[in-house]
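The lines below spell out each chain.
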Amino acid sequence: MPPLLPVSIAWVGGLVIAHHWLAPLGIDPLTILCLCLIPLGGGLLHCHERPTRLAAACALALLLGALRYQSALPDLIDPAFVAYHNDGGWTTVEGVVAQYPDARDDVTYLVLEVDRIESTGAQSSVHGRVLVRAARLPGYRYGDRLRVSGMLETPPVRDEIDYRAHLERKGIYSYFYEARIEKIGEREGSPLLTAIYGFKERAAEGLARLVPDPEAALMQGIVLGIQGGIPPALYDEFNATGTSHVIVISGSNIAIVAALFASLFGALLGKRRAYWLTMAGIVLYVVLVGGDAAVARAGVMGGLYVTARRTGRRTMAYVSLGAAAVALTAITPLALWDPGFQLSFAATLSLCLFTPSLEGRLRGALERWLDPERGQQVARLAGEALVATTAAQVLVLPLVAYHFHRLSVVSPLANLLIVPAQPPVMTVGAAAALLAAVPGLEPAARAVAWVAWLCLAYTVGVVRALAAWPAASVVLPAFDGRWLIAYYGLVAAGVWGWPRLRGARGAVPAAGTLPRPVQNTLLGLAFAGAVLAWIAVLQMPDGKLHVAFLDVGQGDAILITAPDGRQVLVDGGPGPAVLTTALGREMPFWDRSLDLVVLTHPDDDHITGLVEVLARYRVDGWVDNGRPAADALQAECEARLATAGVPRAVVAAGDRIDLGDGLVIDVLGPPAGGLGGGKDADNEHSVVLRVSWGAASFLLAGDAGALAEAALVRSGQPLGATVLKVAHHGSGGSTSEAFLEAVGPAWWAISVGKDNTFGHPSAEVIERLNARGVTALRTDELGTVEFVTDGERVEIRY
């Protein structure tokens, strides 16, 4: 056994001992180290027997590990540490954004390196990091200096997850849940990190423009480590199927990066010079994607492998894994208790321990049924999808059950189906992001990204289908960590006493043929091209009018697709991720443009998603009611419209939008002179549209209230419609009897969020509609509701 392995185990043991015994009892490991340093040092320097020297080295590593853990614990009673001021009332701090902002659907999380605090009227210098929960807009960047005011709190301990411990493992002991934020400076961070994070931001924006969501959000997570845009419901489905590992940065990503850098720089500069550039590339990529525990582990092991190749030495996965554990916990000792750290190491160790044995057994079984050569070929094809997936689960599943109290029954099948589709996502997605960053190459980048989109669309389809199975994920009761120790003890005993089979060497390709990887790549590209072509044909315009009421939660978003394929988006819902994901399902994968966007009124549940639409899609026109900007969301939309040169028009009753072929959109409200003020003025001034084609018509009432409805009835305009989009999510202040009488719909649709806090739709409105015998279609019950018509008959899809 290489000596580094037991030394690494001893170091980790020191961390564990300090965490569970020394720290709680207040024992100072420095005192123990000083008492033991002389005999341990003598054992190392003067003893010539290898077992004794190794035992002394392990003992020293044990003590050093305990000392490193103790030194990482902050002094919470030091007034110079920011956490000392937690829970003390209104507090103002100043600091610099120290990490890449974590932007989610509706909020952004900022890690602030604090250097000044004002509390109870006194100012002082402090140190430490604070987590700030900020609004998504206006956006902040790494290196911005901020003044943040609010209630500085100790992170809470929640029932499902110990949020306090989660943040403490990242060195964060304070946070602002709500705060006033003022930007007072910028570019105060490291110039190198500023450049890296600037490239990361441009690459993320490029990927978002190339393909639709949710595939774009998944690609951002896999290539760049940005997971904030992945819809929570989809993330839950990945967790339920035990496949969430494919959307996080892992060892396979680092292996691909190392191979690409080594090949590129080796061809240009030679192998010796390529080594340093490859090592630099690995480090830069780890920093780029966030450098969490799992990524750093993969980076260290990748660097050790490249170094071993450079020096001509053998590399052992166990030794590299141990070295990675020591390196990472030496930097961040508390990372040892991070579930991501544990799962990453468990998966890697499990692959090392069990893959050779499983491969040998599979090969032997196949060779009994097939001839030896064919059996080896089938075993190689099944190796990653079946063998590696099965091997990884041996040590990973108990940890998943322990930390998350759930177990995916369909995980083996899900991984078997989707793992073969993942390698192109990293390579092709990274190539697409790089091409998109070069001016003029975005069309080429989009064509490249379609290959990754196809793989991810297949992945999402499989995950959603399996997550819908009954009992796909079983909830488990919490169990004591001693059961975990007992399980791993049994596994260790089995590994120690059971000989592992060695895998046979791969077949040598015949002379005069292309190498097998090249053949497989070309075959895969040809297959992907054929599938993409068929999907594109199936998504071409069908000559019918489609009106889809998108399921975006508690908000409105309606996509109108004309018979010739032109598209009009009415409103954008309450969040970017839900809107872009819904659009990704409705629009062709290759279509990244909208002919017109209509904002009925600037409430958050109608405008929020449009900010991201303007960033991701080419918008050819914009229509609204002309109300002045009242918040950051509307101001941001107007700024983006001006920057992109998008034509903007203000509409009122009597205006018409002609989409050709007899398809028209009549603007019925608000009146040109307005309807007066009041607390619901924005709702009452909603743009009301009537879409008509042949005998079919759709009345989209926005958030119009009783005042606006009465004005519409008095106006004498044609209100009759086949389908009524019920105003204001079914609020009791809308959908009066007189208005319903004037519209006379055959169907009504309500865009409403499940279990919303507003009580929408109102029981009174539901009763009025049911009394008229109108068919009810609600997005909270059916998801996206789409009406398809040829101008006469209407088909409903959901």
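See the structure shown above.
Here the structure is a predicted model, which means the values were calculated and not measured. (Residues numbered from 1 in each chain as written. Predicted model: local features only at pLDDT ≥ 70, side-chain atom pairs only at ≥ 80, totals over all residues. Heavy atoms only, no water.)

Draft legend 1. Representation of the sheet that holds strand E26 (residues 794–797) in the model. Strands sit in the order E17-E16-E14-E12-E11-E10-E25-E26 across an open sheet of 8 strands; the sheet is mixed. Among the strands making up the open sheet, the edge pair consists of strand E17 (648–650) and E26. This sheet shows a mean twist of 15° between the axes of neighbouring strands, independent of strand direction. Both strand E11 (residues 558–561) and strand E12 (residues 567–570) contribute to a ladder of 4 bridges, which runs antiparallel. Each bridged residue has a counterpart across the sheet, and for Thr561 the counterpart in E12 is Gln567. (Pairing = 2+ DSSP bridges. Helix = DSSP H or I, 4+ residues; strand = E, 2+ residues; numbered from the N terminus. Axes fitted to C-alpha atoms, helices over the stretch in contact; angles between N-to-C directions.)

Draft legend 2. Broad picture of the pattern of salt bridges. Using the criterion set out here, one finds 32 salt bridges in the structure. Two residues, Asp144 and Lys183, come together in a salt bridge whose shortest N-O distance is 3.9 Å. Of the two residues, Asp144 sits in the loop between strand E5 (129–135) and strand E6 (145–153) while Lys183 sits in strand E7 (residues 172–185), which places them 39 residues apart along the sequence. The closest approach of N and O atoms between Glu442 and Arg209, which form a salt bridge, is 3.2 Å. A residue pair is termed long-range when its members are at least 10 positions apart, and Glu442 in helix H16 (residues 442–467) and Arg209 in helix H5 (residues 191–210) qualify at 233 residues. Each member of the salt-bridge network shares a partner with another, and the members are Glu94, Asp115, Arg116, Arg145, Arg147, Glu182 and Glu188. (Salt bridge = Lys/Arg side-chain N within 4 Å of Asp/Glu carboxyl O.)

Draft legend 3. Representation of the packing of helix H15 (residues 423–436) against H16 in the model. Two elements in contact, H15 and H16, have axes whose closest approach is 8 Å; the angle formed by their N-to-C orientations is 160°. What the angle tells us is that H15 and H16 run roughly antiparallel. Between H15 and H16 lies a crossing whose hand is left-handed. For the pair H15 and H16, contact is made by Pro424, Val425, Val428, Gly429, Ala431, Ala432, Leu435 and Ala436 and by Glu442, Ala444, Ala445, Val448, Ala449, Val451, Ala452, Cys455 and Leu456, respectively. Class assignment of the residues belonging to the contact of H15 with H16 gives a composition of 15 nonpolar, 1 polar and 1 charged. (Parallel < 35°, antiparallel > 145°, perpendicular 65-115°, else oblique. Left-handed = near helix turned anticlockwise from the far one by under 90°. Contact = heavy atoms within 4.5 Å. Nonpolar A, V, L, I, M, F, W, Y, C, P; charged D, E, K, R; others polar.)

Draft legend 4. The arrangement of helix H10 (residues 293–311) in detail. For H10, built from 19 residues, the straight-helix expectation of 27 Å at 1.5 Å per residue is met to within 8% by its first-to-last C-alpha distance of 27 Å. Taken residue by residue, H10 has Ala293, Ala294, Val295, Ala296, Arg297, Ala298, Gly299, Met301, Gly302, Gly303, Val306 and Ala308 as its buried positions. Count one or two residues on from H10 and you reach Gly312, which has phi positive near 75°. (Expected span 1.5 Å × (residues − 1). Buried < 20%, exposed > 50% of the residue type's maximum accessible area, 1.4 Å probe, protein only.)

Draft legend 5. Representation of the pairing of strand E10 (residues 545–549) in the model. In terms of burial, E10 is largely enclosed, as 5 of its 5 residues are buried. Relative to strand E25 (residues 785–789), E10 is paired through 5 bridges, and the arrangement is antiparallel. Each residue of the ladder has a partner; that of Leu545, found in E25, is Thr789. Note that E10 and E11 share 4 bridges and pair antiparallel. In the sheet register, Phe549 faces E11, and the bridge partner there is Ile558.

Draft legend 6. Representation of the nonpolar core in the model. Membership of the largest hydrophobic core comes to 61 residues, with the highest contact counts inside it found for Leu210, Leu218, Leu224 and Tyr285. If you tally residues by element for this core, the top one is H16, at 12 residues. Once residues lying within four places of it in the same chain are set aside, the contact partners of Tyr285 are Ile222, Val223, Ile249, Asn253, Ile254, Val257 and Met426. (Core = buried A, V, L, I, M, F, W, Y, C linked by side-chain atoms within 4.5 Å.)

Draft legend 7. Spatial organisation of the sheet that holds strand E24 (residues 775–778). Strand order across the open sheet formed by 7 strands is E18-E19-E20-E21-E22-E23-E24, with mixed pairing between neighbours. Every other strand in the sheet has two partners, leaving strand E18 (656–660) and E24 as the edge strands with one partner each. Between one strand and the next, the sheet's axes are offset by a mean angle of 15°, whatever the strand orientation. Two elements, E18 and strand E19 (residues 663–669), share 4 bridges in a ladder whose sense is antiparallel. Residue pairing in the sheet places Gly660 in a bridge with Leu663 of E19.

Draft legend 8. Looking closely at the packing of aromatic side chains. Enumeration according to the criterion identifies 13 aromatic pairs in this entry. Summarising the aromatic geometry, the rings of Tyr275 and Trp276 are spaced 4.9 Å apart at their centres and angled 70° between planes, so their arrangement reads as edge-to-face. Using a relative accessible area of 61% as the deciding quantity, one classes Trp276 as exposed. Counting every residue linked through ring pairs, the aromatic cluster contains Phe549, Phe698, Trp747 and Phe787. One cation-aromatic arrangement involves Arg133 over Tyr177; the distance from NZ or CZ to the ring centre is 4.4 Å. Sitting over the ring of Tyr100, Lys200 keeps its end group 4.4 Å from the ring centre. (Phe/Tyr/Trp six-rings, centres within 6.5 Å; stacked < 30°, edge-to-face > 60°. Lys NZ or Arg CZ within 6 Å of the ring centre and 35° of its normal.)

Draft legend 9. Seen up close, unusual backbone geometry. A cis amide bond links Leu137 with the next residue in sequence, Pro138, at an omega value of 0°. Relative to the helices and strands, Pro138 is located in the loop between E5 and E6. Across the junction of His760 and Pro761, the peptide omega takes the value -10°, indicating a cis bond. Topologically, Pro761 is positioned in the loop between strand E23 (747–750) and helix H25 (763–771). In this model, His728 sits at a positive phi of 50°, which is unusual for a non-glycine residue. Examined against the element boundaries, His728 turns out to sit in the loop between strand E22 (723–725) and helix H24 (737–743). His728 sits in the buried class, given a relative accessible area of 19%.

Draft legend 10. Fine view of the environment of Ile247. Position of Ile247 relative to the elements: it lies in the loop between helix H7 (232–240) and helix H8 (251–269). Since its relative accessible area comes to 1%, Ile247 is described here as buried. With near-sequence residues (within four places) excluded, Ile247 lies in contact with Leu218, Gly221, Ile222, Gln227, Ile230, Tyr235 and Phe238.

Draft legend 11. Structural context of helix H19 (residues 576–586). Burial of H19 is extensive: 8 of the 11 residues sit out of reach of the surface. Within H19, burial applies to Pro576, Ala577, Leu579, Thr580, Thr581, Ala582, Leu583 and Gly584. Where H19 is buried, its residues touch H16, E11, E12 and helix H20 (604–616).

Draft legend 12. Layout of the side chain of Gln220. In this structure, Gln220 sits in helix H6 (residues 215–224). For Gln220, the side chain forms a polar contact with the main-chain oxygen of Ala204, separated by 2.8 Å. In this structure Gln220 touches Ala204, Leu207, Ala208, Gly225, Ile226 and Arg616, once residues within four positions along its chain are discounted. (Polar contact = N/O pair within 3.5 Å; in protein donor to acceptor, adjacent residues only side chain to side chain.)

Draft legend 13. Inspection of the environment of Val295 at higher detail. Positionally, Val295 belongs in helix H10. Excluding its chain neighbours within four sequence positions, the residues that come into contact with Val295 are Ile249, Ile254, Val286 and Val289.

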